[in-house]
Amino acid sequence: MDRIPDSLDRSKVTENLPQGMERRLVLQLMAYWRKIRENQEFPSFVDVDPFDIPDIWPHCFVIEIFRDGTEPVCRVMGDELARYVSFPLVDQSLSVVPENTLPSVALSFLDEVLDKGVPISRGDEFINHDRTKVLYRSILLPMSDDGVHISGIIGAANCREVVDGDVDRRDSA
Amino acid sequence: MISYEIHTFRAGQWKADSVFDSRDIALMEAQKIVDGGRYSSIQVLEETYDEQTNKSTVKTIFKGGRKVDDRPTAKSAARKSLAPDKRKAARPEPKQPSRRAPPPKKRTGLVLPVAILVLIAAIGMAALIGLRYYT
């Protein structure tokens, strides 16, 4: 990798680098979901192998959905997401996820995914606890153990903080 | 609010495949689906929702796949819905008329020439016999 010239404006570098990476994260997980789904309506968690997606697994999470209406529970939280919360979220219901954190905003459209039964990706911004504007993008993909009913969600999310003077581009998140 | 929905044509109908809020990402994913060749047709719909009027407008911003015109039109939908009944009413026993028609035509076509040949042969034989007795 070539050394970045000192004369180059570093704000432009940080502005350009995350865009492609964040898009690839969403589309990588999307491609993996399509691959393990094959000809079924939804893929099964049995077919998910973190070793197949080592680059994006730290940004992934798994939510268990209960048919009896019980609140969904987080079963897996990647390390890159877990560091945005001060306590472990694994085996915790979604109601305890703190607001204005990446896990919280990443799951904000969970009901829409359950309603439509298709993968949905959204990006937006939020103000985190230290009053920094953060751009994020996440994707939620429905999973099923019986091939008919949605029994869980696999998702991924990443974000970047908006530096002063940076251009606000939601597509970049 | 604008959203982009990818629809794929499967089992004879359009079905929602995925939803994005980014046009670029939706188009990238749509192109990947086209390149995969799994579906005969896909399209990307841009839906604009106006919260003030509570109305949505939808337009197609991308079409791809092997057959672009698999989208059901009003004519094809009407044809599909009426076809079974029309088939039952118009052709209750389609095979019977076709079986009866050819044989009679073949019989009338062969009978006359054969009869003529037989007649000619009979006349010829009679002439030979007559000549034998009279000569």
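Quick caveat, the model's predicted, so the values are computed rather than measured.

Undergrad: What's the story with the environment of Phe87 of chain A in this structure? I'm lost.
TA: Residues and elements named next belong to chain A. The residue Phe87 is located in the loop between α2 (79–82) and α3 (102–106) in this model. A relative accessible area of 32% places Phe87 in the partly exposed class. Each C-alpha atom of the pair Phe87 and Pro98 lies 9.8 Å from the other, and the pair is eleven residues apart in sequence.

Undergrad: Help me understand the interface of chain B and chain A, please; the structure alone is not making it clear to me.
TA: Buried accessible area, meaning the area lost when the parts come together, often serves as the stated size of an interface. Taken together, the contact pairs 18 residues of chain B with 18 residues of chain A. Between chain B and chain A the total buried area reaches about 1600 Å² when both faces are included, carbon and sulfur atoms providing 45% of it. When the area that chain B buries against chain A is broken down by residue, the three leading residues are Val19, Asp21 and Ile25 of chain B, summing to 32%. Here chain B is connected to chain A by four salt bridges. In this structure, the salt-bridge partner of Glu29 of chain B is Arg34 of chain A, at a minimum N-O distance of 2.7 Å.

Undergrad: Looking at this structure, how should I read the sheet that holds strand β4 (residues 55–65) of chain B?
TA: Strands sit in the order β2(A)-β1(A)-β5(A)-β4(A)-β3(A)-β2(B)-β1(B)-β3(B)-β4(B) across an open sheet of nine strands; the sheet is mixed. The sheet is open, and its two borders are formed by β2 (73–77) of chain A together with β4 of chain B, each paired with just one other strand. The sheet shows a mean angle of 25 degrees between the axes of neighbouring strands, direction not considered.

Undergrad: Would you mind going over a nonpolar patch on the surface with me for this structure?
TA: Judged by side-chain polarity, Met125, Leu128, Ile129, Tyr133 and Tyr134 of chain B come together as a nonpolar surface patch covering roughly 700 Å² of accessible area. Mapped onto the elements, Tyr133 of chain B comes out in helix α4 (residues 102–134).

Undergrad: Help me understand the pattern of salt bridges, please; the structure alone is not making it clear to me.
TA: Pairing between side chains of opposite charge can happen when the charged atoms of each approach one another. This model, assessed by the stated rule, comprises twelve salt bridges over all chains. Across the pair Lys116 of chain A and Glu112 of chain A runs a salt bridge, and its minimum N-O distance is 3.2 Å. Separated by four residues within a single helix, Lys116 of chain A and Glu112 of chain A lie in helix α4 (residues 110–116), roughly one turn from each other. Overall, the relative accessible area of 38% leaves Lys116 of chain A in the partly exposed class. One salt bridge in this structure joins Lys116 of chain A and Glu5 of chain B, with 3.6 Å as the shortest N-O distance. Here Lys116 of chain A is found in helix α4, whereas its partner Glu5 of chain B is found in strand β1 (residues 2–10) on a different chain.

Undergrad: Any chance you could explain the packing of aromatic side chains here in plain terms?
TA: Residues and elements named next belong to chain B. Under the definition given, this model contains two aromatic pairs over all chains. An angle of 70 degrees between the planes, with centres 5.3 Å apart, marks the rings of Phe9 and Trp14 as edge-to-face. Phe9 sits in the buried class, given a relative accessible area of 15%.

Undergrad: Help me out: how do you make sense of the pairing of strand β3 (residues 41–50) of chain B in this one?
TA: Successive residues of a regular strand alternate their side chains across the two faces of the sheet. All names here are of chain B. Bridge count between β1 and β3: seven bridges; the pairing is antiparallel. Bridge pairing in β3 places Ser3 opposite Glu47. Counted along the chain from β3 to the antiparallel partner β4, the turn is four residues long, and its residue Asn54 has a positive phi close to 60 degrees.

Each value, and the rule that gives it
Residues numbered from 1 in each chain as written. Chains lettered and ligands numbered in written order. Predicted model: local features only at pLDDT ≥ 70, side-chain atom pairs only at ≥ 80, totals over all residues. Heavy atoms only, no water. Helix = DSSP H or I, 4+ residues; strand = E, 2+ residues; numbered from the N terminus. Buried < 20%, exposed > 50% of the residue type's maximum accessible area, 1.4 Å probe, protein only. Contact = heavy atoms within 4.5 Å. Buried area = accessible area lost by both parts, 1.4 Å probe. Salt bridge = Lys/Arg side-chain N within 4 Å of Asp/Glu carboxyl O. Pairing = 2+ DSSP bridges. Axes fitted to C-alpha atoms, helices over the stretch in contact; angles between N-to-C directions. Patch = residues over 30% accessible without salt bridge, like charges linked within 9 Å, V, L, I, M, F, W, Y side chains within 5 Å. Areas by Shrake-Rupley, 256 points an atom, 1.4 Å probe, with all protein chains shown as cover. Phe/Tyr/Trp six-rings, centres within 6.5 Å; stacked < 30°, edge-to-face > 60°.

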